[in-house]
Amino acid sequence: DSLVFRFNDESQEMIGRLRHHVGDIVGSHSFKNEIKYSSLDAESAEVASWFTRNASGPKYPMLVFIDPFGYKQISRDLLRSIIQVPKSDILFFFNYRRVNAALDNDLFESNMNKMFGEERVQLIKLEVDRAKPAEREEIILRHLKESLMEIGANHVGAFVVVQDDQTNTSHYIVGVTKHPKGWELLKKILHQHSKIGQHTQSKFGYDPMSVERENRPSLFAPLPNRIDQFADQLHREFKGRTVIFETLYKQHHPTTEFTESEYKQAIRQLLASKRAMNYEIDDEPSTSKRRLIKGEQAIPSHFKISFV
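The structure presented is a predicted model; accordingly, all values stated were derived computationally and were not measured. (Residues numbered from 1 in each chain as written. Predicted model: local features only at pLDDT ≥ 70, side-chain atom pairs only at ≥ 80, totals over all residues. Heavy atoms only, no water.)

> What is the right way to look at a nonpolar patch on the surface in this model?
A contiguous nonpolar surface patch, about 240 Å² in accessible area, is contributed by Leu3, Phe5 and Phe31. Overall, Phe5 belongs to the partly exposed group, its relative accessible area being 30%. (Patch = residues over 30% accessible without salt bridge, like charges linked within 9 Å, V, L, I, M, F, W, Y side chains within 5 Å. Areas by Shrake-Rupley, 256 points an atom, 1.4 Å probe, with all protein chains shown as cover. Salt bridge = Lys/Arg side-chain N within 4 Å of Asp/Glu carboxyl O. Buried < 20%, exposed > 50% of the residue type's maximum accessible area, 1.4 Å probe, protein only.)

> It is not clear to me how the packing of aromatic side chains should be interpreted in this structure. Could you clarify?
Geometry of an aromatic ring pair is reported as the spacing of the ring centres plus the angle between the planes. Scanning the entire structure with this criterion turns up ten aromatic pairs. Judged by centre distance (5.9 Å) and plane angle (5°), the ring pair of Phe5 and Phe7 falls under stacked. Looking at Phe7, the relative accessible area reads 25%, which means it is partly exposed. Summarising the aromatic geometry, the rings of Phe245 and Tyr249 are spaced 6.2 Å apart at their centres and angled 10° between planes, so their arrangement reads as stacked. One end of the pair is Phe245 and the other is Tyr249, both in helix 11 (residues 245–252) and four residues apart, which spans about a single turn. Here Phe245 falls in the buried class, since its relative accessible area comes to 1%. (Phe/Tyr/Trp six-rings, centres within 6.5 Å; stacked < 30°, edge-to-face > 60°. Helix = DSSP H or I, 4+ residues; strand = E, 2+ residues; numbered from the N terminus.)

> Could you clarify how one ought to interpret the sheet that holds strand 3 (residues 62–66) in this entry?
Hydrogen bonding along the main chain pairs the strands of a sheet, whether they run parallel or antiparallel. In space, the five strands of this open sheet follow the order 3-4-6-5-7, with mixed pairing throughout. With one partner strand each, in any of the chains shown, strand 3 and strand 7 (204–206) form the two edges of the open sheet. With strand direction ignored, the average angle separating the axes of adjacent strands in the sheet is 15°. Examined bridge by bridge, strand 4 (residues 88–94) and strand 6 (residues 171–177) share five bridges and lie antiparallel to one another. (Pairing = 2+ DSSP bridges. Axes fitted to C-alpha atoms, helices over the stretch in contact; angles between N-to-C directions.)

> Help me out: how do you make sense of the sheet that holds strand 9 (residues 276–279) in this one?
Across the sheet, which stays open at both edges, the three strands sit in the order 8-12-9 with antiparallel pairing between neighbours. Looking at the sheet topology across the chains shown, the edges are occupied by strand 8 (242–244) and strand 9. Put simply, the sheet's adjacent strands are angled 30° from each other on average, direction ignored. With four bridges connecting them, strand 9 and strand 12 (residues 304–307) associate as antiparallel partners.

> I tried to follow the side chain of Ser170 on my own but got confused; where do I start?
Tracing the backbone shows Ser170 in the loop between strand 5 (155–161) and strand 6. Overall, the relative accessible area of 10% leaves Ser170 in the buried class. A distance of 2.9 Å separates the side chain of Ser170 from the side chain of His171, its partner in a polar contact. Not counting residues up to four positions away in its chain, the partners in contact with Ser170 are Asn95, Tyr96, Arg97, Val161, Val162 and Gln163. (Polar contact = N/O pair within 3.5 Å; in protein donor to acceptor, adjacent residues only side chain to side chain. Contact = heavy atoms within 4.5 Å.)

Shown next as structure tokens:
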């Protein structure tokens, strides 16, 4: 009864097709609030007013998904108008391939300025000019995240997409949130839908070829995977401390891209390698006697860990 859908596409043809397809979904007419459709320019004052009104009036939770045709509608002003709304989260389509090309073409500099800001565009150009080709993507994505932080985001997650038969990035789906709980949910969803190699630059994404490459036989010793490296990180940061798992996770997870299940995997590795020990709470069974969940030792929220 509280859910409100609003769809907008500048193309009247496309919004008409969308209205038709949504109407075909069983139950789509049962919402208390009628689904609204419009054909407005994403940069129009009317679209911006949707968010400014919500920022100054009742604080309704809001998720905005932006899927531009290209990248022109992704501007700092639009994103800032959404981020300023309390309880707001954003998912948007970032066309990396076209943005990467546009940064080398002065004809598109005004569009890049709208997305990153004038000063940052010049800094990006300076950095990519000095960088190796393989470093270019990391630079652009880092500046995108920093730009979003400047306008109010606290957490930014990026899901990379590489086409099935390609090796170069096509686009990213970028999630923006201000709250640790939103960040926790975003990471969980991105991780759930990821199909990507352990040794790739991105933590989340769809890149089947990277998985295939890692599964091929190699003469060299396998590189450490992300959980191995994360376990090492936790050991360095918590060495000498004793902490409850729930406390560790809630305090630490906002600073990383790892999910709760991956924290537990890392803790299991540290326990197995004797770099961490389980301290009992009351009559809690020892690690070796704990019940198994899907073949792994359970690590409940009250699990007490001493890093050695």
